[in-house]
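In case you want the letters, here they are:
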Amino acid sequence: GSGLILGSLLPPQPLPPGDWNAPELRYRVQWRPLEPGRGRWAEATVGGPPLVVRDTPTFSPYEIRVQALNEAGKGPEPPVVIGYSGEDLPLVYPENVGVEILNSTSVRLSWSLSGAARDLRGHLRGYRVSHP
């Protein structure tokens, strides 16, 4: 499995105590898979980042909410944002690779991908091309 790192949704620096509006500032973090029949929200209360949820499926979307709270109560209801669990190496590879010579220093490469989009297991950022 992979992991869901929720720290990027929390403030990167602790809020100064003068901005807490009451003692004991914490964050209520909720998450659940983004799929039909989503199920119940999982929840953790933390003092700050990071919050790592382990053993999640690779590159799966989640609904996430982060709400500030302190001894005086909860902050405003947070909006739902979409986040993804960790990526992994792709299970697909380029097929039908073509090379077009443009000039003595340039070529144009083309290819298609095999397999389903879920087999990318993340965002495809590119391929490394090497030659002898």
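Above: the structure in question.
Here's a quick rundown of the structure. Just so it is clear, the structure is predicted and the values come from calculations on it, not from any experiment.

Overview of the overall build of the protein
At step 1: Within the protein one finds zero helices and nine strands.
At step 2: Tracing the protein from N to C terminus, the helices and strands come up as β-β-β-β-β-β-β-β-β.
At step 3: Expected size for 132 residues packed as a compact globule is a radius of gyration near 14 Å; at 22 Å, the protein overshoots this value by more than 25%.
At step 4: With respect to the three principal axes, the spread of C-alpha positions in the protein is 70 × 35 × 20 Å.
At step 5: Burial analysis of the protein (132 residues in total) assigns 27% to the buried set.
At step 6: The contacts in the protein between residues at least 6 apart in sequence include a share of 54% that link residues at least 24 apart.
At step 7: Element-wise, carbon and sulfur atoms account for 53% of the exposed surface of the protein, whose accessible area totals about 9400 Å².
At step 8: If you average the places of the 13 positive and of the 13 negative side-chain charges in the protein, the two averages end up 2 Å apart.

Thoughts on the nonpolar core
At step 1: Counting 11 residues, the largest nonpolar core is built from Leu4, Leu25, Tyr27, Val29, Trp31, Ala44, Val46, Leu51, Val53, Tyr62 and Ile64.
At step 2: For this core, the element with the highest residue contribution is strand 2 (residues 26-33), accounting for three residues.

Digging into the pattern of salt bridges
At step 1: For the structure on display, the rule yields five salt bridges.
At step 2: A salt bridge links glutamate 43 to arginine 28, with the nearest nitrogen and oxygen atoms 3.2 Å apart. Of the two residues, glutamate 43 is situated in strand 3 (residues 42-46) and arginine 28 in strand 2; the sequence distance between them amounts to 15 residues.
At step 3: Among the residues examined, glutamate 43 registers a relative accessible area of 43% and is labelled partly exposed.
At step 4: Of the charged contacts, one joins arginine 125 and glutamate 87 as a salt bridge, the two residues approaching to 3.1 Å between their closest N and O atoms. Of this pair, arginine 125 sits in the segment after strand 9 (107-113) while glutamate 87 sits in the loop between strand 7 (81-84) and strand 8 (94-101); the two residues are 38 residues apart in sequence, bridging distant segments of the chain.

Focus on the environment of proline 79
At step 1: With respect to the helices, strands and loops of the structure, proline 79 is situated in the loop between strand 6 (73-74) and strand 7.
At step 2: C-alpha separation for the pair proline 79 and glutamate 63, spaced 16 residues apart in sequence, amounts to 9.8 Å.
At step 3: Not counting chain neighbours up to four residues away, the residues in contact with proline 79 comprise Ile64 and Arg65.

Structural notes on the packing of aromatic side chains
At step 1: Here the structure, examined in full by the defined rule, presents two aromatic pairs.
At step 2: Between the aromatic rings of phenylalanine 59 and tyrosine 84, the centroid separation amounts to 4.6 Å while the plane-to-plane angle is 20°, which identifies the pairing as stacked. Taken together, the residues phenylalanine 59 in the loop between strand 4 (52-56) and strand 5 (61-70) and tyrosine 84 in strand 7 connect sequence positions 25 residues apart.
At step 3: Arranged with centres 5.4 Å apart and planes meeting at 90°, the rings of tryptophan 111 and tyrosine 127 form a pair that is edge-to-face. Taken together, the positions of tryptophan 111 in strand 9 and tyrosine 127 in the segment after strand 9 put the pair 16 residues apart, joining distant regions of the chain.
At step 4: Looking at tryptophan 111, the relative accessible area reads 40%, which means it is partly exposed.
At step 5: Taking the ring centre of tryptophan 41 as reference, the NZ or CZ of arginine 65 above it sits at 3.9 Å.

Rules of the game
- Residues numbered from 1 in each chain as written.
- Predicted model: local features only at pLDDT ≥ 70, side-chain atom pairs only at ≥ 80, totals over all residues.
- Heavy atoms only, no water.
- Helix = DSSP H or I, 4+ residues; strand = E, 2+ residues; numbered from the N terminus.
- Rg over C-alpha atoms; globule rule 2.2 N^0.38 Å.
- Buried < 20%, exposed > 50% of the residue type's maximum accessible area, 1.4 Å probe, protein only.
- Contact = heavy atoms within 4.5 Å.
- Areas by Shrake-Rupley, 256 points an atom, 1.4 Å probe, with all protein chains shown as cover.
- Lys, Arg positive; Asp, Glu negative; His and termini not counted.
- Charge placed at Lys NZ, Arg CZ, Asp CG, Glu CD.
- Core = buried A, V, L, I, M, F, W, Y, C linked by side-chain atoms within 4.5 Å.
- Salt bridge = Lys/Arg side-chain N within 4 Å of Asp/Glu carboxyl O.
- Phe/Tyr/Trp six-rings, centres within 6.5 Å; stacked < 30°, edge-to-face > 60°.
- Lys NZ or Arg CZ within 6 Å of the ring centre and 35° of its normal.

By themselves, these are just geometric observations and shouldn't be taken as functional.
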